[in-house]
Structure formats: structure tokens, C-alpha cells
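Survey of secondary and tertiary structure
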Amino acid sequence: MTHPKSQERDGAAAERPLAVFDLDGTLADTAHRQRFLERKPRDWAAFFAAAPHDPPLPTGVRLVLDSAEECDIVYLTGRPERCRADTEAWLAAQGLPAGPIRMRPDHDRRPARRTKLEILRALARDREVRMLVDDDELVCVDAERAGFTVVRARWGTASAELRDAQERQGRT
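These figures come from a predicted structure and were not determined experimentally.

Topic: the packing of helix 4 (residues 112-126) against helix 5 (residues 137-145)
- Here helix 4 crosses helix 5 at 40°, and the two axes come no closer than 9 Å. Judged on the interaxial angle alone, helix 5 and helix 4 are oblique. At the point where helix 4 passes helix 5, the crossing takes the right-handed sense. In this structure, helix 4 contributes Ala-112, Arg-113, Lys-116, Leu-117 and Leu-120 to the contact, and helix 5 contributes Leu-138, Val-139, Asp-142 and Ala-143.
- A per-class count over the contact of helix 4 with helix 5 returns 6 nonpolar, no polar and 3 charged.

So, the sheet that holds strand 1 (residues 18-21)
- One open sheet accounts for 5 strands, arranged 3-2-1-4-5; its pairing is parallel. The open sheet has two free edges, formed respectively by strand 3 (101-104) and strand 5 (150-152), since each of these has just one partner strand. Ignoring which end each strand starts from, the neighbouring axes of this sheet average 20° apart.
- Here strand 4 (residues 129-134) pairs with strand 5 via 3 bridges, running parallel. Bridging across to strand 5, Val-133 finds its partner in Val-151.

As for the confidence of the model for the protein
- Considering every residue of the protein, the mean pLDDT works out to 87; 83% of them sit at 70 or more.
- Contacts for the low-pLDDT stretch residues 2-13, under 50 throughout, to residues beyond four places or in other chains number 16 contacts.

Comments concerning unusual backbone geometry
- Cis peptide bonds are those with omega within 30 degrees of zero, and the linkage from Lys-40 to Pro-41 qualifies with -5°.
- Here Pro-41 lies in the loop between strand 1 and helix 1 (44-49).

Here's the deal with the nonpolar core
- Core analysis: the largest hydrophobic core is formed by 26 residues, its most contacted members being Phe-21, Leu-27, Val-64, Tyr-75, Leu-91 and Leu-96.
- Elements that contribute at least two residues to this core include exactly strand 1, helix 1, helix 2 (58-67), strand 2 (72-80), helix 3 (84-93), strand 3 and strand 4.
- Among the elements that make up this core, the one with the highest residue count is helix 1 (4 residues).
- Look past the residues within four positions of Leu-91 in its chain and what remains in contact with it is Leu-23, Tyr-75, Leu-96 and Ile-101.
- Leu-18, Leu-76, Leu-117 and Ala-124 belong to the second largest nonpolar core, which has 18 residues in total.

Overview of the pattern of salt bridges
- Taken as a whole and assessed by the stated rule, the structure comprises 23 salt bridges.
- The partner of Asp-142 in a salt bridge is Arg-145, with the nearest N and O atoms 3.4 Å apart. In this pair, Asp-142 and Arg-145 both sit in helix 5, 3 residues apart, roughly one turn of the helix.
- A network of salt bridges, in which partner residues are shared, links Glu-15, Arg-16, Asp-72 and Arg-127.

Cut-off values and rules
Think of each chain on its own: its residues are numbered from 1, step by step along the sequence as written. Local features in this predicted model are restricted to residues whose pLDDT is 70 or higher, and side-chain atom pairs enter the listing and the counts only when it is 80 or higher, whereas totals over whole chains, interfaces and linings include all residues. No hydrogens and no water enter the side-chain calculation; it runs on all heavy atoms of the structure. Angles run from 0 to 180 degrees between N-to-C directions of axes, and those axes are lines fitted to C-alpha atoms, restricted for helices to the stretch in contact. Only runs of H or I of at least four residues qualify as helices and only runs of E of at least two qualify as strands under DSSP, and these elements are numbered from the N terminus. An angle below 35 degrees is read as roughly parallel, one above 145 as roughly antiparallel, one from 65 to 115 as roughly perpendicular, and any other as oblique. Helix crossings fall into two classes, left-handed where the near helix is turned counterclockwise from the far one by less than a right angle and right-handed where it is turned clockwise. Contacts were defined at the residue level, with two residues in contact if any of their heavy atoms lie within 4.5 Å. Only Asp, Glu, Lys and Arg are considered charged, only Ala, Val, Leu, Ile, Met, Phe, Trp, Tyr, Cys and Pro nonpolar, and every remaining residue, Gly among them, polar. In this scheme, strands are said to pair when DSSP sees at least two bridges between them. A residue's pLDDT is simply how confident the predictor is in it, with values from 0 to 100. Each nonpolar core is a collection of buried residues, namely Ala, Val, Leu, Ile, Met, Phe, Trp, Tyr and Cys, held together in the definition by side-chain atoms within 4.5 Å. Throughout, exposure labels follow a simple rule: accessible area from a 1.4 Å probe, protein chains only, divided by the maximum for the residue type, with under 20% read as buried, over 50% as exposed, and the rest as partly exposed. Any Lys or Arg side-chain nitrogen found within 4 Å of a carboxyl oxygen on Asp or Glu counts as a salt bridge.

This is how it looks when you write it as C-alpha cells:
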């Protein structure tokens, strides 16, 4: 989805397009912490506390590094804002490109497909969004319907509990 503001302005070079990347299941392997969602009740504090120990997903990491050659990177995650410091440290430890991190407000429980699409549309008002890379099928479908180019991150492992958390509980 392009935007007229991403064309040349006053003779200056056009801004680089954006490549938008999800974190959990796209760049970060959450398999080791999904067990916290299988408990009753789900242990959200432990789930997010374990995030700094996520191994990187090589396919996603390679794609973000390749994309950074032509695009500015934006990280778009359903993680709550209270996880920002851990998230920033994890991205830096993986050697991933710097870029803004858009996170869910701590008490926002809307489905990921709604919150992420809202943010994508806001980004597209000022810049070309070249692609969204996400593992959540419902996010991908809604983003495509809205006219965005989507790369489905099918290289991670998501449990049924994690999918439920993303869509029904608005947790990640």
C-alpha cells in the first residue's frame, strides 16, 4: 500500500518503505514458553517473563536483515507495553536492525487482527508499507483484505493456546 507522501518531496529523495515484522512466532521462537498458556489459569506473567530467553527463528531473522537493505523496519507485536525493555534487549541481542516497536497497551485485550490492522493503517498514512510479516493467520487475512502485502511466517510453532490468546483473549 503506497502513500503519496512516500514520493519525492521538494526534490529530496523519497523515504524508504517500511517492512513490518511481528515478533512472537515470526522472529522469536516461543515454543519453550507456550507451556505457561496450557495451565489453568494461564500464567501470563511467566509467559512474558520467559520472552528474553526466546531463541531467534533463523528464517525470520534472515528476512528482516534482508529487508533492512531496502526498507526501514518496524516491529509490530501483540506483547504488552510492560514488556518493552525486555523486547528491546532481545532485539539488540539478536543483532536485528533498530526500528520503532509498536506494542499493545497493557490493558488492551482486543484481538491482534484488530490492533495490528489499526497500526498498519496508521503507518500507511505517512509511508509505504512494503510488507507485513506475521504468523497469525487472521492478522494476515485481514491485512491482505485491507490491501497490504503479507508474508506468512510459517516457520515457527504456535500452540492452539497461543492462537487462542492472540485472537480470543487479546493477550499477545
